[in-house]
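Here is how the chains run, residue by residue.
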Amino acid sequence: MRLLVKRSNLLLLQCTAQLRQATGMATGSQFHKLATSTKSAATGAQLDIKNDNNTMKASVTQSAAATSALTDSFGRHHTYLRISLTERCNLRCDYCMPAEGVPLQPKSQLLSTEEVLRLARIFVEQGVRKIRLTGGEPTVRRDIVEVVAQLKALPQLEHVGITTNGLVLTRILLPLQRAGLDSLNISLDTLRKERFEQITRRKGWERVIAGIDLAIQLGYRPKVNCVLMRNFNEDEICDFVEFTRERPVDVRFIEYMPFTGNKWQTERLISFKETVQTIRQRWPEFQPLPNGPNDTSKAYAVPGFAGQLGFITSMTEHFCGTCNRLRLTADGNIKVCLFGNKEFSLRDAMRSEDCTEQQLVDLIGAAVQRKKRQHAGMLNLSQMENRPMILIGG
């Protein structure tokens, strides 16, 4: 870099000397041409420095990622952390929670707010740039607004989002926005009130719709997560597409996934390709959109509609090769794969008197190094023990 600066300064001195020598005999137009060429040469040198500087920065960034505790054995660098703030929820969705409920751990076994923020800081220092708060239902936490504000105060953290069922958004979204909330995902599997009550085993469909509309009014472009299941809501696929006509929302159809207690059956799975075919029967112009390198959702839209659609194809077309996500459960375990059943307790390590912060980083790195190339496949996953979704975090 110093050599480049010296080279630039030398070129500028040479150009200046030439300009001074020429001023005594040059006409106005000749002087202008010489000055212009001198300026161009100097600008070119500055651009060389800028480009080389950008290359150096990119090289340093890549080098740091390669040696980071968040880079796994397959070269995937994890910059996105999902933190479950609670195991509790005010709904009882049947694909998320067993009908009989789940045994909740005592509060002492869950991460405190201070522990959540400490771990978040450590992850951010290691390279995490995006955090999404999940549950259970994160808005049942009384300190949810303060948690968002504290996370937004972390200097290197670029994005804080939340995944919610939307029941209390009309009451809490404005304070969350003031605290700095960047984005929100809202879970909604039906546009029909009766079905909502059937799947969630609770009332409140109107409040969720009102929460979505409030989010739009406040300037958000909310994502609406819909788990498609055969013999339940497949007849609403086109209704959800229509939902994007006037609303700037991103409806994301999620393939039904197997978790402990949700009585998963292959026959209930509606694949991405089948869903696209259904939509194109009504909207033949339904077309794909560009995707980012780490996107889990395949983006599509009907031309002219305010919103768009997405497909999370975890079962039929996995995206494990570009996964950059880690999960922290409410009881303090790091989970490197949504479908993996290997977990490491950061809570126990953190509460050990002789555990240093570097040892916590080393434990995180050890967990990340054990991440597999891809998940086991839907048929194998259906036979594996894993937490119910509510105890993982959506």
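Rules of the game
Residues numbered from 1 in each chain as written. Predicted model: local features only at pLDDT ≥ 70, side-chain atom pairs only at ≥ 80, totals over all residues. Heavy atoms only, no water. UniProt positions renumbered as here; feature names shortened; annotations may be inferred. Salt bridge = Lys/Arg side-chain N within 4 Å of Asp/Glu carboxyl O. Buried < 20%, exposed > 50% of the residue type's maximum accessible area, 1.4 Å probe, protein only. Helix = DSSP H or I, 4+ residues; strand = E, 2+ residues; numbered from the N terminus. Core = buried A, V, L, I, M, F, W, Y, C linked by side-chain atoms within 4.5 Å. Contact = heavy atoms within 4.5 Å. Pairing = 2+ DSSP bridges. Axes fitted to C-alpha atoms, helices over the stretch in contact; angles between N-to-C directions. 1 Å grid on protein atoms, 1.4 Å probe; cavity = no way out; pocket = protein on both sides within 12 Å on 5 of 7 lines; lining within 4 Å. Points joined across faces, edges and corners; volume = space filled by probe spheres on them. Nonpolar A, V, L, I, M, F, W, Y, C, P; charged D, E, K, R; others polar. Phe/Tyr/Trp six-rings, centres within 6.5 Å; stacked < 30°, edge-to-face > 60°. Lys NZ or Arg CZ within 6 Å of the ring centre and 35° of its normal.

- The name recorded for the protein chain in an unreviewed UniProt entry is Molybdenum cofactor biosynthesis protein 1, from Drosophila hydei.
- Turning to the protein chain, the UniProt annotation filed under Cofactor (unreviewed entry) states: "[4Fe-4S] cluster".
- Under the UniProt heading Pathway (unreviewed entry), the note attached to the protein chain is "Cofactor biosynthesis; molybdopterin biosynthesis."

### Considerations on the pattern of salt bridges
(1) Moving on: A full pass over the atoms with the stated rule returns 20 salt bridges.
(2) Moving on: R76 is the salt-bridge partner of D72, the closest N and O atoms lying 2.6 Å from each other.
(3) Moving on: The buried category is assigned to D72, whose relative accessible area is 4%.
(4) Moving on: As a salt-bridge pair, K335 and E343 come within 3.3 Å of each other at their nearest N and O atoms.
(5) Moving on: Assessed through its relative accessible area of 24%, E343 is described here as partly exposed.
(6) Moving on: Each member of the salt-bridge network shares a partner with another, and the members are R192, R195, D235, E236 and D239.

### Here's the deal with the environment of Q308
(1) Moving on: Assignment of secondary structure puts Q308 in strand β9 (residues 308-312).
(2) Moving on: Its relative accessible area of 19% is what places Q308 among the buried residues.
(3) Moving on: Sequence separation between Q308 and T244 is 64 residues, and the spatial gap between their C-alpha atoms is 6.1 Å.

### What to know about the nonpolar core
(1) Moving on: Judged by nonpolar contacts, the single largest core of 80 residues is most densely connected at I131, L133 and F253.
(2) Moving on: Core analysis: the second largest hydrophobic core is formed by nine residues, I199, V227, F232 and M315 among them.

### With respect to the environment of G166
(1) Moving on: The residue G166 is located in the loop between β3 (159-164) and α5 (169-179) in this model.
(2) Moving on: Between the C-alpha atoms of G166 and T139, which are 27 residues apart in sequence, the distance is 8.7 Å.
(3) Moving on: For G166, the contacting residues outside a window of four places in its chain are I186, R207 and V208.

### What to know about the sheet that holds strand β11 (residues 333-335)
(1) Moving on: What the twelve strands build is an open sheet, ordered β7-β8-β9-β6-β5-β4-β3-β2-β1-β10-β11-β12; its pairing is mixed. Where the open sheet ends on each side, the last strands, each with one partner, are β7 (287-288) and β12 (344-345).
(2) Moving on: Sitting on the sheet, helix α3 (residues 113-126) is in contact with β1 (80-84), β2 (130-134), β10 (325-328) and β11, with an inclination near 170° to β1.

### A word on the layout of surface pockets
(1) Moving on: Here the second largest pocket defines a volume of roughly 330 Å³.
(2) Moving on: The residue inventory of the lining of the second largest pocket, partitioned by class, reads seven nonpolar, five polar and six charged.

### Considering the packing of aromatic side chains
(1) Moving on: Scanning the model with the defined rule gives eight aromatic pairs in all.
(2) Moving on: Where W283 meets F305, the ring centres are 6.0 Å apart and the plane angle is 80°; that geometry is what we call edge-to-face. Taken as a pair, W283 in the loop between α9 (272-282) and β7 and F305 in the loop between β8 (297-301) and β9 lie far apart in primary sequence, 22 residues in all.
(3) Moving on: A relative accessible area of 6% means that W283 is categorised as buried.
(4) Moving on: With a centroid separation of 6.3 Å and 80° between ring planes, the pair formed by F286 and F311 is classed as edge-to-face. Remark: F311 occurs in strand β9 and F286 occurs in the loop between α9 and β7; sequence separation between them is 25 residues. The same class applies to F286 and to F311, which are both buried.
(5) Moving on: Here a set of aromatic residues connected by ring pairs shows up, and it is made of F240, F253, F272, F286, Y300 and F311.
(6) Moving on: Positioned above the aromatic ring of F272, the side-chain terminus of K298 is 5.5 Å from the ring centre.

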